[in-house]
Amino acid sequence: MTTNSSLTSEQIEEYLHEAVSEHVHDEEANSMFGFVIFLLSESVIFISFFAAYIAYKTTAVNWLPPGVEGLEVREPAINTVILVSSSFVIYFAELALKRHNLTFFRLFLAATMAMGSYFLAGQAIEWSALEFGFTSGVYGGMFYLLTGFHGLHVLTGVLLQGIMLGRSFIPGNYDKGHFGFEATSLFWHFVDVIWIVLFILIYIWQ
């Protein structure tokens, strides 16, 4: 009689554990779906900027500001390699988290943050050396709008990564799920892809 009662209690406990796990999984799936919708809306904004840039470039008589012959490509290309490479680094951080290896997770995530910060610093240095400003015709406005808006996203990604890194020091935080970091990682990949398109449009297609 006691054995049957004990078995029944264990079965109930197992059922409740499975139910809670399934509920948490459903919540994370719904949250991720909502986040993907958010990224799609961001994509629409960037695509509209891309379309405007292409339209202005192909129709403007004097595209570049007076005295400006083009942009220097070498340093932006280095920044691009570093930013795109950071996508692989954050992927390794995600793998480490799934394997519950917080040490490597923190190392890879800190490296990603450093690479993103390097990109932002490189962009700030480039801006300070440019011979034109935001009001230097359509080209100046489009250049600063596109690179600045993307830079804001890079900064947001670095800050989110900092939050995820801080949360890794809270005992048992990631035992409840990885949605926060998975969303942050997806956002970072999105930012990198957007920059590849921007680099081609602004620096390669001059």
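The rules behind the values
Going along each chain's sequence as written, the residues are numbered from 1 onward. Given that this is a predicted model, residues contribute local features only at a pLDDT of at least 70 and side-chain atom pairs are listed and counted only at 80 or more, while totals for whole chains, interfaces and linings are drawn from all residues. Calculation of side-chain values draws on the structure's entire complement of heavy atoms; hydrogens and water are dropped beforehand. Buriedness for pockets is judged along seven lines, at least five of which must meet protein on both sides within 12 Å for an open set on the 1 Å grid over protein atoms alone, while cavities are sets there where a 1.4 Å probe fits but cannot get out, and lining residues have an atom within 4 Å of a point. Grid points are joined across faces, edges and corners, and a volume is the space filled by probe spheres set on the points. What counts as a helix is a DSSP run of H or I of at least four residues, what counts as a strand is a run of E of at least two, and both are numbered from the N terminus. Polar here means any residue outside two lists: the nonpolar Ala, Val, Leu, Ile, Met, Phe, Trp, Tyr, Cys and Pro, and the charged Asp, Glu, Lys and Arg; Gly therefore counts as polar. Whenever a carboxyl oxygen of Asp or Glu lies within 4 Å of a side-chain nitrogen of Lys or Arg, that contact is scored as a salt bridge. Only protein chains enter the accessibility calculation, which uses a 1.4 Å probe; a residue is then buried when its area is under 20% of its type maximum, exposed when over 50%, and partly exposed in between. Think of it this way: a Phe, Tyr or Trp ring, Trp meaning its six-membered ring, pairs with another when their centres are within 6.5 Å, and the plane angle makes it stacked under 30 degrees, edge-to-face over 60, tilted otherwise. Working rule: Lys NZ or Arg CZ, within 6 Å of ring centre, within 35 degrees of ring normal, means a charge sits over the ring. Note on terminology: a nonpolar core comprises buried Ala, Val, Leu, Ile, Met, Phe, Trp, Tyr and Cys residues joined through side-chain atoms within 4.5 Å. Only heavy atoms enter the contact rule, under which two residues are in contact if any of them lie within 4.5 Å.

S.K.: Describe empty space enclosed by the protein, listing the residues and the values that go with them.
M.R.: One pass over the full model with this rule turns up one cavity of 30 Å³ or more. Taken together, Pro76, Asn79, Phe119, Gln123, Glu126 and Trp195 make up the full set of residues lining the largest cavity. Put simply, the parts of the chain that give the lining of the largest cavity at least two residues each are helix H2 (74-98) and helix H3 (102-129). In terms of residues, the lining of the largest cavity owes the most to one element, H3, which gives three residues. Class assignment for the residues of the lining of the largest cavity results in three nonpolar, two polar and one charged.

S.K.: Describe the layout of surface pockets, listing the residues and the values that go with them.
M.R.: Its boundaries defined by the atoms lining it, the largest pocket holds a volume of some 260 Å³. Forming the walls of the largest pocket are 15 residues, and the residues nearest its centre are Glu72, Pro76, Glu126, Ala129 and Leu130. At the level of elements, H2 and H3 are the ones that each hand at least two residues to the lining of the largest pocket. For the lining of the largest pocket, the leading source of residues is H3, giving five residues. Of the residues belonging to the lining of the largest pocket, the class tally is eight nonpolar, three polar and four charged.

S.K.: Lay out the pattern of salt bridges with the relevant residues and their values.
M.R.: A side chain of one charge can pair with a side chain of the opposite charge when the charged atoms of the two come close. Tallied over the entire structure, the rule returns two salt bridges. For the salt bridge of Glu75 with Arg74, the shortest nitrogen-to-oxygen distance reads 2.6 Å. What makes Glu75 partly exposed here is its relative accessible area of 37%. On the basis of relative accessible area, Arg74 is assigned to the exposed category, the value being 55%.

S.K.: Give me the packing of aromatic side chains: which residues, what numbers.
M.R.: Within this structure, the stated rule accounts for 23 aromatic pairs. Aromatic side chains Phe49 and Phe149 sit 5.6 Å apart centroid to centroid with 85 degrees between the ring planes, which places their arrangement in the edge-to-face category. Taken as a pair, Phe49 in helix H1 (residues 2-59) and Phe149 in helix H4 (residues 137-167) lie far apart in primary sequence, 100 residues in all. Site record: aromatic cluster; members linked through ring pairs are Tyr53, Trp63, Phe119, Trp127, Phe132, Tyr139, Phe143, Tyr144, Trp195, Phe199 and Tyr203. Sitting above the plane of the Trp205 ring, Lys57 keeps its charged end 5.0 Å from the centroid.

S.K.: Could you give an account of the nonpolar core, naming the residues involved and the relevant values?
M.R.: Core analysis: the biggest nonpolar cluster contains 43 residues, and Tyr53, Phe105, Phe143, Leu146, Phe181 and Ile202 have the highest contact counts within it. The leading source of residues in this core is helix H5 (residues 179-204), at 13 residues. Those residues in contact with Phe143, other than ones at most four positions away along the chain, are Leu71, Glu126, Trp127, Leu130, Phe132, Gly148, Ile202 and Tyr203.

S.K.: Please provide a residue-by-residue account of the environment of Val138, values included.
M.R.: Position of Val138 relative to the elements: it lies in helix H4. When its relative accessible area of 41% is taken as the criterion, Val138 is described as partly exposed. Residues Val138 and Lys57, 81 residues apart in the sequence, show an inter-C-alpha distance of 9.0 Å.

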